[in-house]
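Take a look at the letters that make up each chain.
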Amino acid sequence: MKIKTFTVYGLFRTHDCQLNLSDSGLTYVHAVNATGKSTLLRLMYSILTGDEQTIRGIPFDRADLTFFDETNLVVEKEEDELRITVIRNEVPTSITIEELVDMFDAVYMSPERSTVRKMDGRLVPALEAYANELHDEIMFAKEHKDLVEVPCEDDANMTDEEIIFWSKDLKAKLDFIDEAGFSVDMPSGMRFPPTRYDLVDERKAYIGLARSLEEYVKRNYLLAESMIVYMDIINGLLTDKHIYIKDNSHIGVEMDGGTSLSLSYLSSGERQIMIIFYRLLFHAAPGAIVLLDEPEVSLHISWQQRLGGIFLDVCRLRDLQIIVATHSPQIIHDRWDLATELRVDFA
């Protein structure tokens, strides 16, 4: 679900405010300092993820989320009581904070995104942590490339044309996954995609193989797509260097002259774009709501002006809703049609 409006009453016990969001997938939010723009993003995220501690910690009376499908989510605070109501088709239903946890996929990026906290409480550089996370995901995919047998009782009525078309589509996706650096173990003696002649004697075997390959694609396509798109975006922004996946499945950095660099030697701006797009591609599930506060941190104007087009591309690719809070007109650049000013009404 995509958010249409977010209205908060009694924020800081001083004012009401409202955000009207674009239906394009990307909205830029701007406002003068101290009106609560960043607090609104944190509150929105805490509601979407059922973070009761943060919801209770932010002073407000009521928060209304209206979605483009006309669903409403209302959170009301009165002393120690927290009331949450979902309204669909004008029918209100009370829910618990625990039920709220599983309703939405949301990602929040604060301006202080250069470090992350580990399970043991330690703060570590975010980029290195994400690089290690990606390494583990790639290794898992490479170590689990065996095909799984999938029941296919409902395939008896498929025509040869349907099987061949289906197989060609799977082959294209397998080739794409192979570009990311990992490939499936195909059974020997079977040509894929099959021809009409292959189906004469081994129809059932080919249907079974296609079902198994379909399961493999579902397991790995999103990771492969994320890797390829990530490399394209980052390398399209970097100058004099590029990133790649090394043979040991770690992210490598290489200068155009061939000198290898550690991630720690990247500039703060380079690290920022790698962190932002890693989270967009690897942490935001398809259809998720992403809240990004001040993406302009450490970025040159030329990069700021290019971010919006890339954000829109990622929105379309993954059906995301990205809400960007910014003080920089260069981030908005030539897309003021996607910008909204935080409306504030003081009591």
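Residues numbered from 1 in each chain as written. Predicted model: local features only at pLDDT ≥ 70, side-chain atom pairs only at ≥ 80, totals over all residues. Heavy atoms only, no water.

Asker: Mind showing me how you'd approach the packing of aromatic side chains here?
Answerer: Aromatic rings considered in pairs are described by the distance between their centres and by the relative angle of their planes. Per the stated rule, a full pass over the model turns up 8 aromatic pairs. Both rings, one in Y230 and one in F282, keep their centres 5.7 Å apart while their planes meet at 80 degrees; by these two values the pair is edge-to-face. Of this pair, Y230 sits in helix α6 (residues 196-237) while F282 is found in helix α7 (residues 268-283), placing the two residues 52 residues apart along the sequence. In textbook terms, an aromatic cluster arises when at least three aromatic residues are bridged by ring pairs, as seen for Y130, Y230, Y278 and F282. (Phe/Tyr/Trp six-rings, centres within 6.5 Å; stacked < 30°, edge-to-face > 60°. Helix = DSSP H or I, 4+ residues; strand = E, 2+ residues; numbered from the N terminus.)

Asker: How should I be thinking about the sheet that holds strand β13 (residues 260-261) in this particular structure?
Answerer: Strand pairing within a sheet occurs via backbone hydrogen bonds; the two strands may be parallel or antiparallel. Across the sheet, which stays open at both edges, the 3 strands sit in the order β11-β12-β13 with antiparallel pairing between neighbours. Bordering the open sheet on either side are β11 (241-245) and β13, each of which pairs with just one other strand. (Pairing = 2+ DSSP bridges.)

Asker: Sorry, what's going on with the sheet that holds strand β16 (residues 339-341) here?
Answerer: With respect to topology, 5 strands assemble into an open sheet ordered β8-β14-β15-β3-β16, the strand pairing being parallel. Each having just a single partner strand, β8 (106-109) and β16 make up the two edges of the open sheet. Put simply, the sheet's adjacent strands are angled 20 degrees from each other on average, direction ignored. Pairing of strand β14 (residues 289-293) with strand β15 (residues 321-325) involves 5 bridges; the strand directions are parallel. Bridge pairing in β15 places L292 opposite V324. Contacts between helix α1 (residues 37-49) and the sheet are confined to β3 (26-30), β8, β14 and β15, with β8 contributing the most and set at about 150 degrees to the helix. Along the sheet, α7 contacts β8, β14 and β15; its crossing angle with β8, the most-contacted strand, is approximately 170 degrees. (Axes fitted to C-alpha atoms, helices over the stretch in contact; angles between N-to-C directions. Contact = heavy atoms within 4.5 Å.)

Everything listed here is a matter of coordinates, which is why it stays silent on function.
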